[in-house]
Every structure is written in structure tokens, then in C-alpha cells.
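Report on the structure
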Amino acid sequence: MDSYLYAPKDDYKHRAYWRELYTVEETENLTSLITAAKEQGIVFYYALSPGQDMTYSSQKELQILKRKLEQVSQFGCEAFALLFDDIEPELSKLDKEMFQTFANAQVSVTNEIFTTLNNPKFLFCPTQYCSSRAVPSVVESEYLNTIGTKLHADIDIMWTGDKVISKTLTIESIQEISDVIRRPPVIWDNLHANDYDQKRVFLGPYSGRSPEIIPLLKGVLTNPNCEFHANTIAICSLAAWSKCKSETKINTEVKLETETEDGLPQEPIPSIVSENIYHPKIALKNAIKEWLTEFCIPKEAFGPISKPQPPVTMVMPILPIIPSVNTCMSLTTTTTSCSFTGNPKPSPAVPEFNTSQLQAFADVCSTVNSSSTNPVMNSLVSATKIILDDNIPNTIASIATSNIEIPKKIPISTMAVPVMKIGSTQLIQDESLDNNLDMTENSKENEPLMNVEDDELRELNDKGSLKFDDIVKTNNEHEISDENIEAMECGSSIASQTSPNNMVKTLSEDIIMSDNAKNEIVMQIEMSDEEVQELNLESDFKSVNEDDLLLFCDLFYLPFQHGNQALKVLNDFFWLKNNANVLVSRNKNDSSVKIEIQEWMQRSQKFDEYCHSVYILGKKISTCANKELCYDLFSYIWDIATALTVLNAFVKWLALGCFPENINSYTQGSFTWFSKGWKESFQSGDQEPWVFRGGLVSDLQRLMPVDGGNDLFVYKFPDSPTVEYYLMRPYNHMDEEEVYNVYQKTNQDTNILPENFKELLFDLNICPFLTLNPELAIVMHNTCNIIIGYACAVVDCKIFNRNKEICWIPNMCEKYPLEKCESSLPVFVKTTVNGFHNFKYECPPCVYSTYPSILSLGILKDDLIMNSSLAKQILTVLLAALRSNGSFGVHICLDDRQCGEMDFYLKLGFNEIFRDTENSTIYLGRQY
């Protein structure tokens, strides 16, 4: 590892303003860098990229180029490079008069510069720098043949392989390019480069290149991650590779009998792999040991977390894909090189794709937009000094920031049971909506009320024997046995819907829960929040270990490969989602069904534990002594932790079983990791990796059943590392008071309500959801297990309002009699009370036809300021729950004076769909 290539794009005088000489301050910094390289025995290559706007035939331009490189040579630099990558391969009108071809122009300039500098060590990057860019092919390329024939024999030529980012480098491909350029190439390896995707960092080992190609190469330059501290694995594994003579013939992507669960060979390692044989997983294990020591080195870092790589607009070309932009090379940061360099495995056959499929793949990949007017960094001056000249093209994108919350412990979800502390009412069925209504009455004898026909229901109602309090009696007053659980569809779904009482089996049916799960539930009930939090802190607050880093590496492995543990979490969530329909059959006494349910619950608990381990990893990284390393890596672990928080909340909701048996017909995404051809194309290496943007994070997000919800996964990154966290779970009847407190704090009108009307707006807007449809309510809580947000919904607003009229309004009329409406009360209070006594709600047909569901959402302002993604997270879970019940559109109805709430929902992807000027109401909706 004896060479270092300096070519950072945040030194704007390297490419955009290559003609400008360095200032005194810049000179001092660059000189000190060159001196430091010499002290360590490192050859410092200074690279310049003049090809964007250079006139090759101009002697003036040539003299400017010489002057610039001669200035750098005076700093002590003895090795140079000219890079002509990612430029238009066309000559200007003046150049055409002097040069026959583009290659001739570049060769002429490069040879003259090489001679002027007295034949130093010199690198040349051609415009056609990989096989996919060679026109028409490597062997037949006039450009490459001209370069090989006419470029000075002592100048080394750089090559990236078959692609810009090559999965493998074969002996045959190296021999082919060597024959064309008449010399062994220097491999510019973009395997670990991550500047084309802000959601990915590559922590897997150097692989896909057999050490057998080393004798065929002049050297290897690794172009690693933008983040300095993320490159220990990349550089150490490359160093290990360079010392080997051959690669293990074992397929390193398949777990062996001789491997541990983590995919590492069991000890003793020498008995399996010789020291001269390269095994990527052994190299990874050894590199992790090296990396671990860096976490304990105290280093300070200040200011907001920033990600240096600019976003790249993804273009989906027609197959075969030939990228129009070399995102890796054009956006590269400082590059590390070595003077040495898989017998690669052949790429698997790629399934047939049509252009529309790949375009759809691209459309669902997550993207992050940023302004093109961001300041330009000048790294030679300082890490924070910016150039304010508007004429300088921006190459560094600012990243939106926010806070992350990393959970210590994920509690097992408790059941949601409706609660209402008011008088009795009646419940009837809306026959026009063709919805069968079953109810359960928990009498003193715990005998279920089953299959009540409409006439019987009305008869019970007329006799006054049907009490709403009986229907919604809570399970903390009466223990509910397995035999006494029947369906109740007071808030029904478009398809079929399971009752709130059915949710009791999530906790009460002992065939489902393992002993450990039961113990955890008991602990949750018997211990206070403070005790649980203290216990979690004691057990989780430890330093980073090798297992943590192996998990980290698996989550962010390589461009064409997810790590073993990442694949496991993908498969586990997919299995839980696909097999959730067994939970709907929980009332059946079939022993095979009980076994299936038990397996589902056990696997969901394992998934919960896996998510917890990722949260703990994030907390450990945020509290490690090396803050420089923490600032480099924290945004990535925050991103994956946020994605898993959403998925885990959805799994907890699925555990309630409140969805139709045909749930899979609603929740299968169009383009996911498990779609036909997606995984195979990703792993083949036949596509450049920016085609599949987002890596594991996006693969996880795409498994959530919210098609068309890409905007919900665009989060601001945290400003600074934090151990705070937020979790979500299904609503429980014991949460009602806390949800009420959140609503009171988030609704300004509650501040002016008279004392005896304090609950009025909550009873109007939120409590009907929690009482009639608690199975579609989600709560979000913080580190102290205090609820800071809620989201509630119903599948069909017409059924909901009919049941509301029957079950809820009579109690409201009793609670808020007209006699209480004094003339001194605010107008909206009197209007609301009159609305209870003259209840009438009709959803406009244009709204109901496309957006039949309705929801309400609230997050405490202080928490939303700390983490602006919270609203998107809880909304995603709720929309997934609605879709699982067959709904594909949801709306909200707001008073036209509620400007703040309107802005809140518009930012969440809702759009105005109808305006009722007569009633001064606005309908906002979104599909998913």
C-alpha cells in the first residue's frame, strides 16, 4: 500500500477551476500533505481533470496546464495524473483542425506534459475507462487502440473493469484490455465507492477479484467510501488480498457446514484456508479486529453531521445499461492506492427484463433531492470553509438533518380494547352497506353473544337490555377466555374485519406465546417505567464489540451483495407478512393452525430482537469515544434503525390479526427484493449498482405495503448523534388518557374550552376512532415510554359514521346536553354540541369513491422538531394497516380555518381533493 492519489472534487481547483493556481494558504496545506506522505513512504500522485472545457490545440491552455502542475511539483510532488473521465468525447471546432481524433488530442497533451515534468511517475485515465464505455467494444475501440499505440510507454493507464463498478475482475478481461493498451493496466477499483448513493456505505471485504490477476496488473487503486472512518474494512481487506496468490474456491456467498451463524469459518482458520489463499470472510473478520480499536480512541467532532457525496439523478436507460454518467469517478473523493492489486465467479444468468420493468424498478428506488445552489467546499483551506462565489459550480450537496432515536428495548405489543366511560347506547347494522355485524357481550357469566340477527338486535335494544358498556367492557375487568372471543365489527372494513376482542388472543392465548414472551409481559406489567428503563440501560449500555461491527458490515455489505444478517431480516419480514393470514384463523381449534400461529409469534419475537440489536448498535456508535468515527457512520445506522422501527411496528400490528384472510392480495408490492428477477438482477453485477438505489434500507422500505409512498421514506438525517429513540405499537385501552393529553397539546382550540367542555373536541375528533375502531390506532412513545403521538383511522367512513351515529352520538348528547350551551360559550363550542344533537355526516361521493378511509394524526410539537420524520413513520404504519384491510385511499376533513393542520398534512403527501364552500370544509386525500 505505497501510493495515494489526490483527486478530491471538494478541491474545486482540481476539476472545475483547474486553471487557477493555489493560494498561499492552500499551498501550505497541500505541501504539508505531500510531506506527510513522503514521511510515511507513500508516493503522492497529484491528479488534475482538465477535460471538461480544455481546448487541446491551444498553446495558451497547454501552458496554463504546465504552470499548474509545475506549481504542484514545487510543493514536493513527484508523481502526477491526468484524468479525462466523464467528459463529452467530442472535439471542438478548433481542435478538429489540428487533431484527427479525440484520442490523438489527449495523447498529444499528456505526452507533452509528461516530458515537461521530466518523465515522473504518471497515471492517465481514459474517457473510455471500462468495457461498457468502450465503443463499440474493447478490442474494436479506435479510441483505446490509439491510446495504447501512441501514449508514452512509461505512462500507466487506469481501468475500472467491465463496468464503472465491477462485481468481478477476470483474468480474461485483464488480458483483453492489456493487449489493446499495450501494457498492464492500473485498476481503479470502485467496489467500495459510495458517492452515487447517500443511503449506502460499503463495509464488506474486498472480493470478486482473484489474487491470480495480480501478476497481470501494474497496480490497484481503491476508490473507497466518502467517509474516512468507513474504509478500514476496504483497505485492510485489500491489503490482505494483495499478499495472497490465489482465492478460495469456496462460494463465499453460501454458508458452509464449517462456518458459524455469522458466515465466518470456524476456528482454527489455518486448517481451512492457507495463508496464501484469500478468503473474503476471513479478511473481514481480521479487518473488524483492526477497526474495533478505532472506536476506543478519543476524538472530538463538532457541528452537524454532513454527508459529502452529492445526490445523483438516476436515469434508467434501455438495456443493456450503459451509464451516461460515471458517478463514481466524477464524484470521487480522495483516493487511496496500492502497488498491487478474484478468480471471480461467473455472473448468474440475468432474467429477462423489459424497459418498463426496469423503469419501474428505478421509480421505486428512494431518492433524496437537494438544492443545486449549495456552497462549494474547499478542503485545502479548511474542512468548513466555503466558497461563496455563485459562479463556481456546486459539487457538494448539503444534507437535510434531523434527530434519530435509538430504542433500548421494544416492548411486546399490548392488545387494543375500546374504552368509553359514558352511558349505554344502541348498535345496529347498516344493511345498505352489506356488512355482517357480529358482537360479543361479556356478561358476568362470560357467555358470548353470537350471530345476532337484525331483528333480535332491535328487540334487545327496544327492551333496553343491550348496553354499549357491556359490548366494550375491558379485559382488565374480566379475564377473557379463549372460548369467549367472537368477532365484533362495529367499525367494519371494506373486506372483512376482526373485532377488537379478537385482539385479546395476542396476549392471552397461551399456545401462541413462548414462556419467555409471557415472562416479558408480566415484567412489563409489574415493573414501573423507570425500573424498566434503568434495567435496559444497565444491560445495553456497553461499548462496541466485534459482533456489533459484524452486524454493521452485514447491513452495509457490498454494491451487489447484502450480508447474511441483512438477508435474514429481509426474509424474516417477508415471511411474517406473507404468513400473517394464519392469525385470522386463531379461533379455530385445529391443532395445525395453533402450531402455525405459535411459529408466527415466535418468529415475530425473533424479528423484534433483531431490530433491538440494531437499535443498540446505533446507541453504542453514538456514545463511542471516537466522535469523528461516530459522525461518519451514525447517519447510516440511523437510517436502517428508522426503517426497522417502521417494519417492526407493522409486525406488531399484524399480531393483532385485524385484517381479512385475503390480506396477501393487498400487501404484495410490485417491485421488491422478492419480485421475480429483482434479486437476481441486483446480485448479477450486470447492472450498475445505482440502478438499485438505497441498498438494504430501500429494500426493507419497499416491503411495506404502501405502493406510491416513496415520499414517506425521505427523511432528514440527524443533526448530531443521539441515544434518544421513538417506538410505535398498537393502541391499548390504557393509552386513552395519554392520547388525550397529546391531542390537547396539539390542538390550539382546546386552550379556550371551558372547564366542563375540556373533552369536547377530543370526543368529537379522536375518541370515536379509539372506541369504535381501536384496532386501527397506533401510538408512538419516547425513551421514557411516554406517548408523544398517535394515528388512528377507519377503513370505511360510511360504516364508521353509521356506527358512530348508533354507538357514539347518543352518549355525546347525554354528556353534552343542549341545556349546558350558555350564550357566553364560544361559537364553535355551541356549534359542536348542536352537531351532536343534529348529527348528520355525508362524505362527498367524489371523495368516498377514491378515498373511502379516514384518519387523524397528531405528534407533539417538541418531538416533531427534534425528529421531523416521526409523522411520516407513524403514517406509514397506519397506511400499511389500512391497505392490509383492502383500502387504497384515505382522506381527512378539515375546517378551512385550520391552516396549521392543513400544512401539516400537505407535507405528509396529502392533496386537496374537494372543497365544500357551504360548510367551510376542505377534504385532503392521498393514495398508497
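Worth saying up front: this structure is predicted, and the values here are computed from it rather than measured. (Residues numbered from 1 in each chain as written. Predicted model: local features only at pLDDT ≥ 70, side-chain atom pairs only at ≥ 80, totals over all residues. Heavy atoms only, no water.)

Let's talk about the overall build of the protein chain
Helix and strand content of the protein chain: 31 helices and 21 strands. If you sum the accessible surface of the protein chain, you get close to 37,100 Å²; carbon and sulfur atoms cover 50% of it. (Helix = DSSP H or I, 4+ residues; strand = E, 2+ residues; numbered from the N terminus. Areas by Shrake-Rupley, 256 points an atom, 1.4 Å probe, with all protein chains shown as cover.)

Points about the environment of A79
Examined against the element boundaries, A79 turns out to sit in strand β3 (residues 79-83). Look at A79 and you get buried, because its relative accessible area is 0%. Along the chain, A79 and F44 lie 35 residues apart, while their C-alpha atoms are 6.2 Å from each other. Once residues within four sequence positions are removed from consideration, A79 is found in contact with V43, F44, Y45, Y46 and K121. (Buried < 20%, exposed > 50% of the residue type's maximum accessible area, 1.4 Å probe, protein only. Contact = heavy atoms within 4.5 Å.)

Regarding the sheet that holds strand β19 (residues 889-895)
Taken in spatial order, the seven strands make up an open sheet running β15-β16-β17-β18-β19-β21-β20, and their pairing is mixed. Among the strands making up the open sheet, the edge pair consists of β15 (727-730) and β20 (911-916). Neighbouring strand axes in the sheet, compared pairwise and without regard to direction, differ in orientation by 25° on average. In the sheet, β15 pairs with strand β16 (residues 777-781) via four bridges, with the strands oriented antiparallel. In the strand pairing of β16, R729 is matched with V779. (Pairing = 2+ DSSP bridges. Axes fitted to C-alpha atoms, helices over the stretch in contact; angles between N-to-C directions.)

Details of the packing of helix α7 (residues 232-242) against helix α8 (residues 280-294)
What describes two packed helices is the angle between their axes and the distance between those same axes. It is at 9 Å that the axes of α7 and α8 come closest, and there the two elements cross at 135°. With respect to α8, the axis of α7 lies oblique. Between α7 and α8 lies a crossing of right-handed hand. On the side of α7, the interface is formed by T232, I233, C236, S237 and A240, while α8 contributes A283, L284, A287, I288, E290, W291 and E294. Residues belonging to the contact of α7 with α8 are distributed by class as follows: eight nonpolar, two polar and two charged. (Parallel < 35°, antiparallel > 145°, perpendicular 65-115°, else oblique. Left-handed = near helix turned anticlockwise from the far one by under 90°. Nonpolar A, V, L, I, M, F, W, Y, C, P; charged D, E, K, R; others polar.)

Some remarks on the packing of aromatic side chains
Note on aromatic pairs: each is described by the distance of the centres and the angle between the planes. Going through the model one piece at a time under the given rule, you end up with 36 aromatic pairs. Joined through ring pairs, the aromatic side chains of Y4, Y6, Y22, F44, Y46 and F75 make up one cluster. Sitting over the face of the ring of W575, R603 holds its NZ or CZ atom 3.9 Å from the ring centroid. Stacked on the ring of Y848, the Lys or Arg K798 has its end atom at 4.5 Å from the ring centre. (Phe/Tyr/Trp six-rings, centres within 6.5 Å; stacked < 30°, edge-to-face > 60°. Lys NZ or Arg CZ within 6 Å of the ring centre and 35° of its normal.)

Concerning the pattern of salt bridges
Under the defined criterion, the tally for this structure stands at 21 salt bridges. Residues D572 and K568 are paired through a salt bridge, measuring 2.8 Å at the closest nitrogen-oxygen approach. Placement of the pair is D572 and K568 together in helix α17 (residues 564-578), with a separation of four residues, close to one helical turn. By relative accessible area, which is 12% here, D572 ends up buried. Judged by its relative accessible area of 45%, K568 falls in the partly exposed class. Taken together, the shared-partner salt bridges in this structure form one network comprising K568, D572, E599 and R603. (Salt bridge = Lys/Arg side-chain N within 4 Å of Asp/Glu carboxyl O.)

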